[in-house]
Protein chains: 2
Amino acid sequence: MSGPVNIGLLGLGTVGSGVVRLLQQNGALITQKLGRPLKISRVLVRERNRPRQVEVDPALLTTDADGIINDPDIHIIVEVMGGTDAAREYILKAMERGKSVVTANKDLLALYGKELFDAAASNGVDLFFEASVGGGIPIIRPLKECLAGNKIRQVMGIVNGTTNYILTKMSREGRDFQEVLREAQDLGYAEADPAADIEGDDAARKMAILASIAFNTRVTYRDVYREGISRITAQDISYAADLGYVIKLLGIAREDEEGIEVRVHPALLPGNHPLASVNDVFNAIFIEGDAVGEAMFYGRGAGSMPTASAVVGDIIEAARNLNYQTRGRITCTCFYDKPIKPVGTINTKYYLRLLVVDRPGVLAAIAGVFGDREVSLASVIQERMLGELAELVLITHRVREQNLQDALKVLAGLPVVKEIACVVRVEGGENV
Amino acid sequence: MSGPVNIGLLGLGTVGSGVVRLLQQNGALITQKLGRPLKISRVLVRERNRPRQVEVDPALLTTDADGIINDPDIHIIVEVMGGTDAAREYILKAMERGKSVVTANKDLLALYGKELFDAAASNGVDLFFEASVGGGIPIIRPLKECLAGNKIRQVMGIVNGTTNYILTKMSREGRDFQEVLREAQDLGYAEADPAADIEGDDAARKMAILASIAFNTRVTYRDVYREGISRITAQDISYAADLGYVIKLLGIAREDEEGIEVRVHPALLPGNHPLASVNDVFNAIFIEGDAVGEAMFYGRGAGSMPTASAVVGDIIEAARNLNYQTRGRITCTCFYDKPIKPVGTINTKYYLRLLVVDRPGVLAAIAGVFGDREVSLASVIQERMLGELAELVLITHRVREQNLQDALKVLAGLPVVKEIACVVRVEGGENV
């Protein structure tokens, strides 16, 4: 084949504009690599007459999705419109028409991954999605290809830039969550409705995608246990630092004999862990494989040009497969059906902060409750007095989550325990 | 095609044994991913009867290279024997016979890359080499594919584990180079003849490969400027730490309007730079692209299983291309011919440690020499007295290397300057 590879771009927001800009900026280089130019033929927009973040020939803009999807001259559909309804419909239709698809849509993949990959396979087209996790960071292709010889044991990720920015700020400046969140909103690092980020939903979608690839079994968004960061205080961050830890919103996916665990929650991470120095809006994905050992991938997890970098990498690959008529070379790799472990069955350590009555015997009573549920304490520190109450910070040894939760329920009913102020898992140490 | 993909393995040392072990360990998983098993058909060894690090059917072992290369049933040759003479001959012959080649041989690629890639292209076979840089770290494929839409501005790497181990130890324990080197030799982290590592030759080979891919122009080992770490003292590491820096053996490849610079030398790196916390035998490659911004790839840069991880990933990819009859999909990307800048033309900052006579006017004389060559000083610290002499630590502003070297030549001739004890470039700040 010769002549340009024609692209139908669905969406011209932050990512779509980045894709247009990158193809303008590095078109000559990309043509050299591919042997053919990449050409944006049509762009789907909501309204044709609106100011744009990038220069585009207005004649390319259309509000007619079918006109793009049914255009026989368009080879590749690039979906960067977001959302799960229209995007799903368009992608499925495009694949039926024999077009390869590149998408950055984590929401869609984390919910309808199986349907989409089945459609790609049955239509013999490519479905690429490097930009759906970690923005510009190469992680999907390295996992699927470079590390394909490994059994992956664990994936740990800082995969949400907004929460990482907030926690980094809280940690550096000793400020509280609400205040830093408002500032992040003013700076455009957090949405007006920040729930998807701060409650861990966004990170959960990305972890569902990563876990599916890492363990070769379908994990959906609904399978991911999640907790957000809104209960973390500057005080907890400071206590954690005293103990040699940082607090991060962590995605964790692990496999053991019982199945797969996938969860997103704040976690204490040892200060010398490679993920501990991933700060601000940066993302990183830390992998443990049986051959490669520990590996980490670091970079900008969002933003117009970093995300466009991943999208354009996928477009080049999809175009190469067109050139060689080898679409569908690497398809869905979820060929197992592994059980998802309930969160109660996981084993980890915990950081706990309690407010208790300052009276002899209280500590013994608390330790007794833990001991009855086989929760053993690694350290107990009385941090300070808050009026009449004593603030206790405890770190447990590794324990089954259900036992810890049972113990906390009993503790909450003890008259001497006034508040279970903070419960955060401790991760990134040895996994035994 | 069905039936196994047959592999001829050249070499059964550390890496070769790892490849055999990994294919044994994860054979079922790999067969699932590929649709066919990978089978090691023949193994080239120096002597057939020798204890092995891995269990191999003795019937597979042979000392006859031609028997493997000419075997029409062998699809892929995996070269993990090292060296540049026999390995080059075997690889070229294998490609002539239509076999794809996977190699971990950085020495070979950094010297004869062009010849090898030309042979791969003219024979329509794949030549993959992920393991040649960064051991198990996925970096070649991410650069060639995921980041293909970027103009790469800079590649900085800690790509030699031995020197990183030594510098980390010196830094943590305040011990001197020779002592730590001996310990590293005892532990097997450094070779009996450590020159290739500590003089920067090994890192230079890897940087030649990375620079060739990053800038799409052929860079050979001979183009890389290099200095080793043997002149770095515990004292310099400690002074650097006081100033907020760590000292690493850094590979740096950059492009500007004048051409390409590729160099390997010790460097002061700000403590908050992502590469600064890469310690012990770990490697990392830090990339700056015009779209992706900053990205980093971290992991084990050597060792049997990590390197086997990269080799097996390449084997799977080569086998996939056999399945789809699309060998040679991604070939050499050195389609430009960019000039290599002489080291004298680079611009950077410098850390200098001088021993000078402690007398009024000495500092003015030194500052005058620098000023005459347009070297401006960012800071001057008199650290301590060594007998009669004063020890000065200076950091320059960004300056052209040749000017700095000229100034040092003049300084060395001043009677008041007793020793130019240490000269180390300062990197990883803003690049302007």
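Cut-off values and rules
Residue indices begin from 1 for each chain and proceed along its sequence in written order. Starting at A for chains and at 1 for ligands, labels are handed out in the order in which the entities are written. Reporting in this predicted model follows two pLDDT cut-offs: at least 70 for local features of residues, and 80 or more for side-chain atom pairs to be given and counted; totals over whole chains, interfaces and linings ignore these cut-offs and use all residues. Heavy atoms from the whole structure form the basis of all side-chain values; hydrogens and water molecules are not counted. When DSSP finds at least two bridges between two strands, those strands are taken to pair. By the criteria applied, helices consist of DSSP H or I runs no shorter than four residues and strands consist of E runs no shorter than two, each listed in order from the N terminus. Whether two residues are in contact is decided by their heavy atoms, any of which lying within 4.5 Å being enough. Lines fitted to C-alpha atoms define the axes here, with helix axes fitted over just the stretch in contact, and angles between the N-to-C directions of these axes take values from 0 to 180 degrees. Here the word oblique covers every angle except those under 35 degrees (roughly parallel), over 145 (roughly antiparallel) and from 65 to 115 (roughly perpendicular). Residues were grouped as follows: Ala, Val, Leu, Ile, Met, Phe, Trp, Tyr, Cys and Pro as nonpolar; Asp, Glu, Lys and Arg as charged; and all remaining residues, including Gly, as polar. To pair, rings of Phe, Tyr and Trp, with the six-membered ring standing in for Trp, must have centres within 6.5 Å; the planes then decide the type, stacked if under 30 degrees apart, edge-to-face if over 60, and tilted in the middle. Throughout, exposure labels follow a simple rule: accessible area from a 1.4 Å probe, protein chains only, divided by the maximum for the residue type, with under 20% read as buried, over 50% as exposed, and the rest as partly exposed. Think of it as a cone above the ring: NZ of Lys or CZ of Arg counts as a charge over the ring if it is within 6 Å of the ring centre and within 35 degrees of the ring normal. A least-squares fit on C-alpha atoms brings the copies together, and the residues used are those whose pLDDT is at least 70 in both copies. Salt bridges are counted wherever a side-chain nitrogen of Lys or Arg sits within 4 Å of a carboxyl oxygen of Asp or Glu. Residue ranges for the domains trace back to a domain assignment, done automatically or taken from a database. Once two parts are brought into contact, the accessible area they lose, counted with a 1.4 Å probe and summed over both, makes up the buried area. Identification of polar contacts relies on pairs of N or O atoms within 3.5 Å, with a donor-acceptor requirement for protein atoms, meaning one able to donate a hydrogen and the other able to accept it, and with residues adjacent in sequence counted only if both atoms are side-chain atoms. To qualify as a nonpolar core, a set must consist of buried Ala, Val, Leu, Ile, Met, Phe, Trp, Tyr and Cys residues joined through side-chain atoms within 4.5 Å. The criterion for a disulfide is a pair of cysteine sulfur atoms lying within 2.5 Å.

### Some details on the sheet that holds strand β1 (residues 5-10) of chain A
Residue and element names in this part refer to chain A. Read from one edge to the other, the open sheet built from 6 strands follows the order β3-β2-β1-β4-β5-β6, with strand pairing classed as parallel. The strands lining the two open edges of the sheet, one partner per strand, are β3 (61-62) and β6 (127-128). Two strands pair when backbone bridges link them, and β1 and strand β4 (residues 76-79) are joined in this way by 4 bridges, in the parallel orientation. In the sheet register, L9 faces β4, and the bridge partner there is V78. Seen against the sheet, helix α4 (residues 86-96) touches β1, β2 (38-44), β4 and β5 (100-103) and runs at an angle of roughly 155° to β5. Most of the contacts of helix α12 (residues 304-323) go to β4, to which it runs at about 165°, and overall it touches β1, β2, β4, β5 and β6.

### Here's the deal with the packing of helix α4 (residues 86-96) of chain B against helix α5 (residues 106-123) of chain B
Residue and element names in this part refer to chain B. Taken N-terminus to C-terminus, the directions of α4 and α5 make an angle of 10°; their axes are 9 Å apart at the nearest point. Overall, the two elements α4 and α5 adopt an arrangement that is roughly parallel. Two secondary-structure elements touch here, α4 through A87, R88, I91, L92, M95 and E96 and α5 through L108, Y112, E115, L116, A119, A120 and N123. A per-class count over the contact of α4 with α5 returns 9 nonpolar, 1 polar and 3 charged.

### Here we look at the packing of aromatic side chains
Taken as a whole and judged by the stated rule, the model has 9 aromatic pairs over all chains. Judged by centre distance (4.7 Å) and plane angle (70°), the ring pair of Y165 of chain B and Y189 of chain B falls under edge-to-face. Highlighted residues: Y165 of chain B in helix α7 (residues 161-173) and Y189 of chain B in the loop between α8 (177-186) and α9 (195-198), separated in sequence by 24 residues. Aromatic pair F282 of chain B and Y298 of chain B: ring centres 4.9 Å apart, planes at 5°, arrangement stacked. Of this pair, F282 of chain B sits in strand β11 (residues 282-289) while Y298 of chain B sits in strand β12 (residues 293-300), and the two are 16 residues apart along the sequence. In terms of burial, F282 of chain B and Y298 of chain B fall into one category: buried. Looking at R205 of chain A, its charged tip hangs above the ring of Y221 of chain A, at a distance of 4.4 Å from the centre. Sitting over the face of the ring of F128 of chain B, R141 of chain B holds its NZ or CZ atom 4.9 Å from the ring centroid.

### Description of the relation of the copies chain B and chain A
Between the two copies, chain B and chain A, the superposition gives an RMSD of 0.0 Å; the rotation angle is 180° and the shift along the axis is 0.0 Å. Both chain copies can therefore be described as sitting about a two-fold axis. Proximity to the rotation axis, assessed at the C-alpha, singles out F297 of chain B in chain B; its C-alpha lies 2.4 Å from the axis.

### Thoughts on the pattern of salt bridges
Following the criterion strictly, the structure yields 68 salt bridges over all chains and no others. For E401 of chain A, the salt bridge goes to R425 of chain A, with nearest N and O atoms at 2.8 Å. A residue pair is termed long-range when its members are at least 10 positions apart, and E401 of chain A in helix α14 (residues 401-413) and R425 of chain A in strand β17 (residues 417-426) qualify at 24 residues. Among the ionic pairs, R254 of chain B bridges to E261 of chain B, the shortest N-O distance being 3.6 Å. Classification of E261 of chain B by relative accessible area gives buried; the value is 6%. If you follow the salt bridges from partner to partner, you end up with R141, E145, D314, E317 and R320 of chain A together with R329 of chain B in one network.

### A few points about the domain arrangement of chain A
Along its sequence, chain A is organised into domain 1 (5-136 + 304-323), domain 2 (151-299) and domain 3 (343-426). Each of domain 1 of chain A and domain 3 of chain A has a C-alpha centre, and the two are 51 Å apart.

### Considering the interface of chain B and chain A
Between chain B and chain A, the residue contacts involve 49 residues of the former and 49 residues of the latter. Here chain B packs against chain A, burying approximately 4600 Å² in sum over the two surfaces, 55% of which is carbon and sulfur. Taken as a group, C146, Y298 and R329 of chain B account for 14% of the area that chain B buries against chain A, more than any other trio of residues on that side. The tally of links from chain B across to chain A stands at 2 salt bridges. For R329 of chain A, the salt bridge is made with E317 of chain B, and the minimal N-O distance between the two is 2.8 Å. Connecting chain B to chain A are 20 residue pairs in polar contact (both at pLDDT 80 or more). Of all the secondary-structure elements, those providing two or more residues to the side of chain B that touches chain A are α1 (14-25), α2 (27-34), α6 (140-146), β12 and α12 (304-323) of chain B. Take the side of chain B that touches chain A: its biggest share by element is 9 residues, from α12 of chain B. Residues of the side of chain B that touches chain A, tallied by class, amount to 24 nonpolar, 14 polar and 11 charged. Of the strand pairs in this sheet, strand β12 (residues 293-300) of chain A and β12 of chain B are connected by 5 bridges, and their pairing is antiparallel.

### Some thoughts on the nonpolar core
Counting residues in each nonpolar core, the largest one holds 160 residues, and the members touching the most others are I166 and L210 of chain A together with I166 and L210 of chain B. Setting aside its immediate chain neighbours within four residues, L210 of chain B contacts V133, I139, I140, L143, V155, V159 and I285 of chain B.

### Re the state of the cysteines
This structure, assessed with the given rule, holds 0 disulfides over all chains. No disulfide involves C332 of chain A; its nearest neighbouring cysteine sulfur is the one of C334 of chain A, lying 4.0 Å away.

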